[in-house]
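# Observations on chain architecture
The lines below spell out each chain.
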Protein chains: 2
Amino acid sequence: MTVFVKVMLKPGVLDPQGKAIADALHRLGYGSVSDVRAGKLFRVEVDTDDPKAAKEAGEQMAGKLLANPVIEDYEVLLEAAGAPTGAAR
Amino acid sequence: MTVFVKVMLKPGVLDPQGKAIADALHRLGYGSVSDVRAGKLFRVEVDTDDPKAAKEAGEQMAGKLLANPVIEDYEVLLEAAGAPTGAAR
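Reference entry: report on the structure contained in this document. (Residues numbered from 1 in each chain as written. Chains lettered and ligands numbered in written order. Predicted model: local features only at pLDDT ≥ 70, side-chain atom pairs only at ≥ 80, totals over all residues. Heavy atoms only, no water.)

Here we come to the relation of the copies chain A and chain B. Once chain A has been moved 0.0 Å along the axis and rotated by 180°, it coincides with chain B to within an RMSD of 0.0 Å. Each copy turns onto its partner about a two-fold axis. Within chain A, the C-alpha atom positioned nearest to the axis of rotation is that of lysine 40 of chain A, 2.2 Å from it. The fraction of interface residues of chain A whose copies in chain B are also interface residues reaches 100%, indicating that both copies meet through the same surface. (Least-squares fit on C-alpha atoms with pLDDT ≥ 70 in both. Contact = heavy atoms within 4.5 Å.)

Another aspect to go through is the interface of chain A and chain B. Residue-level contacts link 42 residues of chain A with 42 residues of chain B. In total, chain A and chain B occlude about 3,900 Å² of area from one another, counting both sides; carbon and sulfur atoms represent 57% of this. Our enumeration of links across chain A and chain B arrives at zero salt bridges. Taken together, the links from chain A to chain B amount to 14 residue pairs in polar contact (both at pLDDT 80 or more). Put simply, the parts of the chain that give the side of chain A that touches chain B at least two residues each are strand 1 (2–9), helix 1 (16–27), strand 2 (33–46), helix 2 (51–66) and strand 3 (72–78) of chain A. Element by element, the count of residues in the side of chain A that touches chain B is highest for strand 2 of chain A, at 14 residues. By residue class, the composition of the side of chain A that touches chain B is 22 nonpolar, eight polar and twelve charged. In terms of strand pairing, strand 2 of chain A meets strand 2 (residues 33–46) of chain B through 13 bridges, oriented antiparallel. (Buried area = accessible area lost by both parts, 1.4 Å probe. Salt bridge = Lys/Arg side-chain N within 4 Å of Asp/Glu carboxyl O. Polar contact = N/O pair within 3.5 Å; in protein donor to acceptor, adjacent residues only side chain to side chain. Helix = DSSP H or I, 4+ residues; strand = E, 2+ residues; numbered from the N terminus. Nonpolar A, V, L, I, M, F, W, Y, C, P; charged D, E, K, R; others polar. Pairing = 2+ DSSP bridges.)

Put into structure tokens, the structure is as follows:
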């Protein structure tokens, strides 16, 4: 099964990357952008057919390795709920 | 409105970061992990109440700045469809 782990900085944690992106978007003419936060998205293929086991494994992996719980929030989703379509655009 | 932009490497593009994470997960005992792909997730606050305009702006920003369309696929979602819950876990 495919598990997606979304990792974002907690509210209030300084995000210099997001700030730099917001500044660049302003320079490109997107003045309506008020804030950008940059996060990470991991697609993990787990060899199991049990959605509950896959999600539980994803939660553990996120807490131990993929996210830093001190400064980051994470969310674990099974494929149907969080998959990019993968279509080339 | 809040727009989420998911960016993942296209299938077939080498992902050394994902490979390193998969190796680390194996060392942590998650032998059932067969593949990891690392991507990016951006939360962009756009000053508009028009969902269509917000999504259109998100698509443009993704194509111009947030993603490299040569090697990356992207997907643009409005908040309800792609938001991490933000709950501390």
